[in-house]
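# Fold and contact review
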Amino acid sequence: MTRRLLPLLAAVSTIGAGAILLLIARRDMGLDAAAASRFGSVFIGILLEALPYLLLGVAISAVVQIYLSERLLRRLLPRHPLLAVTAAGLLGIVFPLCECGMIPAVRRLIRKGMPAYAGIAYILAGPVVNPVVFSSTWAAFGGTPQMAIARTGLAFAVAFAIGAILWKTLKSDPLKADLASLYASLPQEEPSARPFGGRLQSAALHATDEFFDMGKYLILGAALATLFQTAVSRSFLEELGGNQLLSHLFLMGVAFLLSLCSTSDAFVAASFGGSFENGALLAFLVFGPMIDLKSLLLLLASFRARTVLLVASLAAVFTLTGSWLLEAVYLP
């Protein structure tokens with residue numbers, strides 16, 4: 001257990017050391033006390049917003065590992081790859097997790113036999129293609145459905161396209177080698193072959209492993225996202241909304257850095273409505289939940305860097321193209 005705690009303790013210690021340095025700098029260099037207080041409150045807010053989803057994700061991951069057999073998973077998934085990608089892209093309607101909880105659950109599903117291209121499609125689409133996010137987007141944009149429909153449709157289309165590309169291009173296991181060896185060392189007997197008490201204990205141990213493995217990346221991502229939110233003024237952001245192409249790219253970058261939860265980011269996007277066109281706001285709403293600072297670090301903790309780079313690049317290109325087209329033909 002001590003070995004499992006070391007990475008998380010190192011991350012916590014790093015954040016603590018940064019906080020101490022910030023306090024020293026505030027004392028010796030006259031930094032604004034309000035800015036330091038805002039950094040702390042935003043950082044805690046991001047952690048508290050994401051932590052329940054991470055806990056839910058590792059709990060689902062443990063249940064999947066202990067109770068879901070490979071035989072049952074193969075029976076549930078469509079056999080045709082494109083149908084499997086379609087089902088994965090719509091899975092968020094039934095299991096509406098955010099990316100913080102989805103990544104540990106999906107990497108466990110991949111080890112259970114889910115095709116990696118379908119699992120990645122679920123990771124991309126799930127944070128957006130779900131009823132909670134649809135409702136919050138609808139409400140944030142004044143009760144009109146156009147933005148919510150465009151967001152859901154574009155997120156599914158991007159996830160489906162990336163899943164289809166990965167189906168054709170992935171030739172090897174995209175999970176990191178250390179994870180492959182970890183899962184290979186786990187007992188492979190059918191879940192029904194274990195007594196209930198043993199299964200419950202195994203589920204708790206797996207959840208603990210997942211939480212300590214993913215928690216350090218969540219802490220680091222939250223710290224980086226907080227630094228951006230507190231260091232960049234809102235007026236500077238709004239000055240860059242004039243150019244159509246640059247505004248799309250810029251808001252995608254802002255979404256990446258802010259690392260907002262998909263259940264609340266629509267209200268932030270709506271607040272930019274006076275400075276940016278709807279297409280740029282759509283790019284913000286689709287790209288951020290797919291690829292942001294927190295999820296990028298979590299993805300790199302689970303998947304090989306080459307796969308993560310490919311997925312992130314495709315998500316950026318498809319989101320940019322789709323948001324520009326939807327602005328031209330659908331969004332007011």
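Quick caveat: nothing in here was measured; it's all calculated off a predicted structure.

### What to know about the overall build of the protein
Helices and strands together make up the secondary structure of the protein, namely 16 helices and zero strands. Expressed as a percentage of its 332 residues, the buried residues of the protein come to 46%. Partitioning the contacts of the protein with sequence separation of at least 6, the portion at a separation of at least 24 is 88%. By element, 69% of the accessible surface of the protein is carried by carbon and sulfur atoms, the whole surface being about 15200 Å².

### As for helix H14 (residues 278–290)
Between the first and last C-alpha of H14 there are 19 Å, a value that for 13 residues agrees with the 18 Å anticipated at 1.5 Å per step. Extensive coverage of H14 is indicated by the burial of twelve of its 13 residues. Taken together, the buried positions of H14 are occupied by Gly 279, Ala 280, Leu 281, Leu 282, Ala 283, Phe 284, Leu 285, Val 286, Phe 287, Gly 288, Pro 289 and Met 290.

### Observations concerning empty space enclosed by the protein
Here the idea is plain: a probe the size of a water molecule rolls over the atoms and shows the empty space left. In the structure shown here, the tally under the stated rule is three cavities of 30 Å³ or more. Roughly 60 Å³ of volume is contained in the largest cavity. Considering the residues around the largest cavity, the lining is formed by Ile 120, Ile 123, Leu 124, Leu 299, Phe 303, Thr 307, Val 308 and Val 311. Listed by contribution, the elements that provide at least two residues to the lining of the largest cavity are helix H6 (116–125) and helix H16 (305–329). Grouping the constituent residues of the lining of the largest cavity by class yields seven nonpolar, one polar and no charged.

### Some words on the packing of aromatic side chains
Under the definition given, this model contains three aromatic pairs. Each ring, one from Phe 250 and one from Phe 276, has its centre 6.3 Å from the other, and the planes form 15°; the classification is stacked. Highlighted residues: Phe 250 in helix H12 (residues 244–258) and Phe 276 in the loop between helix H13 (265–271) and H14, separated in sequence by 26 residues. Phe 276 carries the same exposure label as Phe 250, and that label is buried. Across from the ring centre of Trp 167, 4.2 Å away, lies the NZ or CZ of Lys 168, which sits over that ring.

### Quick notes on the packing of helix H8 (residues 146–169) against H14
The packing of two helices is summarised by the inter-axis angle and the distance between the axes. At a minimum axis distance of 10 Å, the contact between H8 and H14 shows a crossing angle of 50°. Relative to H14, H8 is oriented oblique. Between H8 and H14 the crossing geometry is right-handed. Together, Met 147, Ala 150, Arg 151, Leu 154, Ala 155, Val 158 and Ala 159 of H8 and Asn 278, Leu 281, Leu 282, Leu 285, Val 286, Pro 289 and Met 290 of H14 make up the contact between the two elements. Its residues placed into classes, the contact of H8 with H14 shows twelve nonpolar, one polar and one charged.

### What about a nonpolar patch on the surface?
A cluster of nonpolar side chains, contributed by Leu 90, Ile 93, Val 94 and Phe 95, occupies part of the molecular surface with about 370 Å² of accessible area. Position of Ile 93 relative to the elements: it lies in the loop between helix H4 (81–89) and helix H5 (99–112).

### Considerations on the side chain of Thr 319
Within the secondary structure, Thr 319 is located in helix H16. Given the relative accessible area of 0%, Thr 319 is considered buried. Dropping the residues within four chain positions of it, Thr 319 is found in contact with Leu 154, Val 158, Met 252, Ala 283, Val 286 and Phe 287.

### Thoughts on the pattern of salt bridges
If charged atoms from side chains of opposite charge come close, those side chains can pair. If you walk through the whole model with that rule in mind, you get two salt bridges. Of the charged contacts in the structure, one is a salt bridge between Arg 111 and Asp 173, with a shortest N-O distance of 2.2 Å. Of this pair, Arg 111 sits in helix H5 while Asp 173 is found in the loop between H8 and helix H9 (177–184), placing the two residues 62 residues apart along the sequence. Taking the relative accessible area as the measure of exposure, Asp 173 reaches 29% and is therefore partly exposed. Here Asp 265 and Arg 151 are joined by a salt bridge, their closest N and O atoms 2.8 Å apart. Taken as a pair, Asp 265 in helix H13 and Arg 151 in helix H8 lie far apart in primary sequence, 114 residues in all. With respect to burial, Asp 265 and Arg 151 carry one shared label: buried.

### Here's the deal with the environment of Thr 319
In sequence terms Thr 319 and Leu 154 are 165 residues apart; their C-alpha atoms lie 7.4 Å from each other. A polar atom in the side chain of Thr 319 sits 2.6 Å from the backbone oxygen of Ala 315.

### Brief notes about the side chain of Thr 137
Turning to its location among the elements, Thr 137 is positioned in helix H7 (residues 131–140). Separated by 2.8 Å, the side chain of Thr 137 and the backbone oxygen of Val 133 make a polar contact. Excluding residues within four positions of it along the chain, Thr 137 makes contact with Met 147, Ala 148, Arg 151, Ala 266 and Leu 285.

Thresholds applied
Residues numbered from 1 in each chain as written. Predicted model: local features only at pLDDT ≥ 70, side-chain atom pairs only at ≥ 80, totals over all residues. Heavy atoms only, no water. Helix = DSSP H or I, 4+ residues; strand = E, 2+ residues; numbered from the N terminus. Buried < 20%, exposed > 50% of the residue type's maximum accessible area, 1.4 Å probe, protein only. Contact = heavy atoms within 4.5 Å. Areas by Shrake-Rupley, 256 points an atom, 1.4 Å probe, with all protein chains shown as cover. Expected span 1.5 Å × (residues − 1). 1 Å grid on protein atoms, 1.4 Å probe; cavity = no way out; pocket = protein on both sides within 12 Å on 5 of 7 lines; lining within 4 Å. Points joined across faces, edges and corners; volume = space filled by probe spheres on them. Nonpolar A, V, L, I, M, F, W, Y, C, P; charged D, E, K, R; others polar. Phe/Tyr/Trp six-rings, centres within 6.5 Å; stacked < 30°, edge-to-face > 60°. Lys NZ or Arg CZ within 6 Å of the ring centre and 35° of its normal. Axes fitted to C-alpha atoms, helices over the stretch in contact; angles between N-to-C directions. Parallel < 35°, antiparallel > 145°, perpendicular 65-115°, else oblique. Left-handed = near helix turned anticlockwise from the far one by under 90°. Patch = residues over 30% accessible without salt bridge, like charges linked within 9 Å, V, L, I, M, F, W, Y side chains within 5 Å. Salt bridge = Lys/Arg side-chain N within 4 Å of Asp/Glu carboxyl O. Polar contact = N/O pair within 3.5 Å; in protein donor to acceptor, adjacent residues only side chain to side chain.

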